[in-house]
Amino acid sequence: MIAQSTLNVRSHVGRDLLQSAQLFRHEHAVIWEYVANGLEYKDPETQPSVVVQVDPKGKSIKIKDNGRGMLISDLQSYFQMHGENRDRKQGKPGRGLFGTGKSAAFGIATALTITTVRGGRRSKVHLTKGDIQAKTDGNEIPVKIFEREAPTSEPNGTLVEIDNVLLKQIDIGGVIRHIERHIAHWPDASVLVNNHECEFIEPEINREVSVKTEGTEYEENLGKSILDIKVAKSPLDKDFRGIAILSGGVWHETTLAGCEHKPFADYLFGTFEVPGLAHDASGVPAFDMSRSMKLNPQNEIVADIIRFIGVNLETIRRELEKQDRERRQGEDQRRFREQGSKIAELINNHFKEWSAKLKSTMSKAGIGRDTLPTSDKAQTEDLATLFGDELPGKVIGHTLREGEEERDPNPSPNPNLIPRVELEETSTDKIAKKAPGAPKKSAAGGFNVEFENIGTNEKRAKYDREKRTILINLEHPRIAMELRSASGVSPVDDPNFLRMAYEIAFTEYAIVLVQELSTVQYFFDPQDALVELRQTIDDLSKAFATSWIAFGTR
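Each chain carries its own residue numbering, running from 1 in the written order of its sequence. For this predicted model, a pLDDT threshold of at least 70 governs which residues receive local features, and a threshold of 80 or more governs which side-chain atom pairs are given and counted, while totals over whole chains, interfaces and linings are taken from all residues. Each side-chain value is worked out from all heavy atoms of the structure, with water and hydrogens disregarded.

Caption draft 1: How the structure looks around the packing of helix α2 (residues 27-40) against helix α6 (residues 172-182). For helices, the fitted line uses only the C-alpha atoms of the stretch in contact; every axis is such a line through C-alpha atoms, and the angle between N-to-C directions lies from 0 to 180 degrees. Secondary structure counts use DSSP, requiring at least four H or I residues in a row for a helix and at least two E residues in a row for a strand, with both numbered from the N terminus. At their nearest, the axes of α2 and α6 sit 9 Å apart, and the two run at 45° to each other. Comparing the axis directions of α2 and α6 gives the class oblique. Between α2 and α6 lies a crossing of right-handed hand. Along the contact surface, α2 presents Glu27, His28, Ile31, Trp32 and Val35, while α6 presents Gly174, Val175, His178, Ile179 and His182. When its residues are assigned to classes, the contact of α2 with α6 shows five nonpolar, four polar and one charged. Comment on the angle field: the value is read as roughly parallel under 35 degrees, roughly antiparallel over 145, roughly perpendicular from 65 to 115, and oblique elsewhere. Each crossing gets its hand from how the near helix is turned against the far one by less than a right angle, where anticlockwise is left-handed and clockwise is right-handed. Contacts are assigned to residue pairs with any non-hydrogen atoms lying within 4.5 Å of each other. Charged residues are taken to be Asp, Glu, Lys and Arg, nonpolar residues to be Ala, Val, Leu, Ile, Met, Phe, Trp, Tyr, Cys and Pro, and polar residues to be all remaining types, Gly included.

Given below as structure tokens:
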């Protein structure tokens, strides 16, 4: 027997493609992958535009762009797994580093069709998961060509059709939020999702700080980079907090660098462009092909980025904390807190009664058990799984974290598995816990109401879900006008202002209830949500009238 003189590394194409597809487990990640391609790969002087159509009933998704399109030769490169991106090969910065994006559709669906036009020539190709799985020998997988560079008068662009989506539900709202967060870095882009125009509206800011690495110990690894930190006027939603780490315009991660659960960290956001990150050639890679939006802290450059961000965010955060302590010592602030507590008292009384009634209704419908006959404690548990309190429950399964690979859970639990839980009142385990760092529930029953200056362009009120706090915006033009025209020694106690404040808080609270119930698909018909909304506002209005008569202007 003749000994083999060489060994070659080989890859099973089908398994490789499907394993890469597992990096895209959610509809928002899949859709963004194709949207981003349309935004990035365009003809010069073309303003990028993408239209997304999601059909939840038909289990299909269409993404149409006005990019530069592809010829058959381009499609051949497109379908090459882990092939070198042509633009990057020519020295142009961009996202296409690992060549895994074309597999995204198969993370949630079984069929992918691409129709593309470039230079007056149209091509249409089709690939299914069945085609991939049928190729058991690991060799190349043939892509069906329905149309090969046929003459057309259509403009350049590409239509991606994803069919037979396997997800039980398609979260259109989640897709919109994901896109709106990302297009902050595409200021000239136009993206529509089911007739909703996605746009990133930057939060109103109190101040902006720019910090240079030049002349510091970080310059050697990070080069001459600038960290831009912005302080928002009000707490930011999770998706908008933190510093976006960029390199060559490519967004790699957003981080608060250790400040995540500290006071006022939820007011901080910004960007940090580090050109050297994209060209790092060290042995420990800074990022991988998973599109997980996480950098590798074991990489030397990444470690310095995180340290630099963390030190500067902590400095600003402490300043904000100190300023807030000083501000709260004022007499007007004390009176605002008192009025906020009185509004919260009415809201929490309603919430206690509402949740008890809802539990009873669910029990009668066979959804849950009626806990009304037990005690006041049972009533105040008030469906708190919707709002983040600790409740007894049991684990009914696990879900792998996005961007993580499966591994043997033994001999110890896999930290990448997220437990799926359900409420079980007889359980001794407190599973549905508050987020770390979240403030404790108010003594009144759960909700807080505060008056804050959060910007003239912000809404009348804003709900901070983590803190269960309704913020009434004193800088809103209508509210500010009422304060200016208030009669008496303190505008805080003006009857007209107070009536408006109560109405605003009640409305925001009613909306929150409906949104939370909609999230868990409590309503079978949208009309039911409107009925619930109207009823809540009416109940609170009557409670307010009773208390106003009893205590005058309170």
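That shown, we press on.
Caption draft 2: Expanded view of the packing of aromatic side chains. Note on aromatic pairs: the rings of Phe, Tyr and Trp (six-membered ring only in Trp) are paired at centre separations within 6.5 Å, and the planes decide the class, stacked below 30 degrees, edge-to-face beyond 60, tilted for the rest. A complete count under the given rule lists 15 aromatic pairs for this structure. Through successive ring pairs, a cluster of aromatic residues spans Phe351, Trp354, Phe447, Tyr463 and Tyr509. Two thresholds decide whether a charge sits over a ring: the Lys NZ or Arg CZ must be within 6 Å of the ring centre and within 35 degrees of the ring normal. Seen from the ring of Phe447, Arg468 lies directly overhead, with NZ or CZ sitting 5.2 Å from the centre.

Caption draft 3: The arrangement of the environment of Ile306 in detail. You can see Ile306 is positioned in helix α8 (residues 300-327). Spatially, the C-alpha atoms of Ile306 and Ile243 are 9.8 Å apart, while their sequence positions differ by 63 residues. With residues near it in sequence (within four places) discarded, Ile306 still touches Ile245, Thr255 and Ala257.

Caption draft 4: Structural detail: the nonpolar core. Residues Tyr34, Val35, Ile63, Ile162 and Ile179 are the most contacted members of the largest nonpolar core, which totals 43 residues. Other than its neighbours up to four places away in sequence, Ile179 contacts Ile31, Trp32, Val35, Val191, Val193 and Cys198. We call a set of buried Ala, Val, Leu, Ile, Met, Phe, Trp, Tyr and Cys residues a nonpolar core when their side-chain atoms join them within 4.5 Å. The buried label applies to any residue whose accessible area, calculated with a 1.4 Å probe on protein chains only, is under 20% of its type's maximum; exposed applies above 50%, and partly exposed to all values in between. The next biggest cluster of nonpolar side chains, apart from the first, holds 37 residues, and it includes Leu346, Leu483, Leu498 and Ala501.

Caption draft 5: Here's a closer look at the pattern of salt bridges. The term salt bridge refers to a side-chain nitrogen of Lys or Arg lying within 4 Å of a carboxyl oxygen of Asp or Glu. Taken as a whole and judged by the stated rule, the model has 24 salt bridges. Notably, a salt bridge pairs Lys262 with Glu314, separated by 3.5 Å at the nearest N-O pair. Residue Lys262 is located in the loop between β12 (250-255) and β13 (268-273), and its partner Glu314 is located in helix α8; the two are separated by 52 residues in the primary sequence. Of the residues examined, Glu314 reaches a relative accessible area of 13% and is grouped as buried.

Caption draft 6: Representation of the sheet that holds strand β4 (residues 121-128). With mixed pairing, the eight strands of this open sheet are ordered in space as β5-β4-β3-β6-β2-β1-β7-β8. For this open sheet the edge positions go to β5 (144-151) and β8 (196-198), each flanked by a neighbour on one side alone. The average angle at which neighbouring strand axes cross in this sheet is 15°, direction not considered. Strands were regarded as paired on the criterion that DSSP finds at least two bridges between them. As paired elements, β4 and β5 share five bridges and run antiparallel to each other. Bridge pairing in β5 links Val125 to Ile145. Here α6 sits on the sheet and contacts β1 (49-55), β7 (190-193) and β8; the angle it forms with β8, its principal contact strand, is near 30°.

Caption draft 7: Representation of α6 within the structure. Every buried residue belonging to α6 is among Gly174, Val175, Ile176, Ile179, Glu180, Arg181 and His182, and all of these are buried. Residues of α6 that are buried sit in contact with α2, β7, β8 and β12. Sitting at the amino-terminal end of α6 is Asp171, which places a side-chain oxygen 3.3 Å from the backbone nitrogen of Gly173. A 3.5 Å cut-off defines polar contacts: any pair of N or O atoms within that distance qualifies, except that in protein one atom must be a possible hydrogen donor and the other a possible acceptor, and neighbouring residues in sequence count only when both atoms are side-chain atoms.

Caption draft 8: Layout of the pairing of strand β6 (residues 157-165). Burial analysis of β6 places seven of its nine residues in the buried class, which makes it a mostly covered element. By the bridge criterion, five bridges tie strand β2 (residues 60-65) to β6 in an arrangement that is antiparallel. Each bridged residue has a counterpart across the sheet, and for Ile63 the counterpart in β6 is Val160. Strand direction decides the pairing type here: strand β3 (residues 109-118) and β6, joined by eight bridges, are antiparallel. By the bridge assignment, Ala109 is partnered in β6 with Val165.

Caption draft 9: Geometry of the packing of helix α11 (residues 477-484) against helix α12 (residues 495-519). Running from amino to carboxyl end, α11 crosses α12 at an angle of 155°, the nearest separation of the two axes being 9 Å. Of the possible angle classes, the one that applies to α11 and α12 is roughly antiparallel. Seen along the crossing, α11 lies across α12 with a hand that is left-handed. Every residue of α12 that contacts α11 at Arg478, Ile479, Glu482 and Leu483 is listed here: Asn496, Phe497, Met500 and Ile504. Among the residues making up the contact of α11 with α12, the classes are represented as five nonpolar, one polar and two charged.

Caption draft 10: Structural view of the confidence of the model for the chain. Confidence in the prediction of the chain, expressed as mean pLDDT, is 78, and 73% of residues score 70 or more. Values of pLDDT, the confidence the predictor places in each residue, fall between 0 and 100. Taken element by element, the predicted model of the chain shows its lowest mean pLDDT in helix α10 (residues 376-380) (40) and its highest in β2 (96). Note on residues 368-382: pLDDT is under 50 here. Beyond four places in sequence and across chains, it has 29 contacts.

Caption draft 11: Focus on the environment of Ile72. By the element assignment, Ile72 lies in helix α3 (residues 72-78). Remark: the alpha-carbon pair of Ile72 and Arg118, spanning 46 residues in sequence, is separated by 9.8 Å. Once residues within four sequence positions are removed from consideration, Ile72 is found in contact with Ser123, Arg148 and Glu149.

Caption draft 12: Examining the side chain of Glu532 more closely. Relative to the helices and strands, Glu532 is located in helix α13 (residues 526-551). With residues up to four places along the chain from it excluded, the contact list for Glu532 reads Trp354, Val514 and Phe523.

Caption draft 13: Spatial organisation of the sheet that holds strand β18 (residues 469-473). The three strands lie next to each other as β16-β18-β17, forming an open sheet whose pairing is mixed. With partners counted over all chains shown, the strands left at the sheet margins are β16 (448-452) and β17 (461-464), one partner each. Along the sheet, successive strands turn relative to each other by an average axial angle of 25°, direction set aside. Here β16 pairs with β18 via five bridges, running parallel. Residue pairing in the sheet places Val449 in a bridge with Ile470 of β18.

Caption draft 14: Highlighting unusual backbone geometry. Even without being a glycine, Glu45 presents a positive backbone phi close to 70°. Mapped onto the elements of the fold, Glu45 is located in the loop between α2 and β1. By relative accessible area, which is 82% here, Glu45 ends up exposed. Residue Asn194 is not a glycine yet carries a positive backbone phi of 45°. With respect to the element layout, Asn194 can be found in the loop between β7 and β8.

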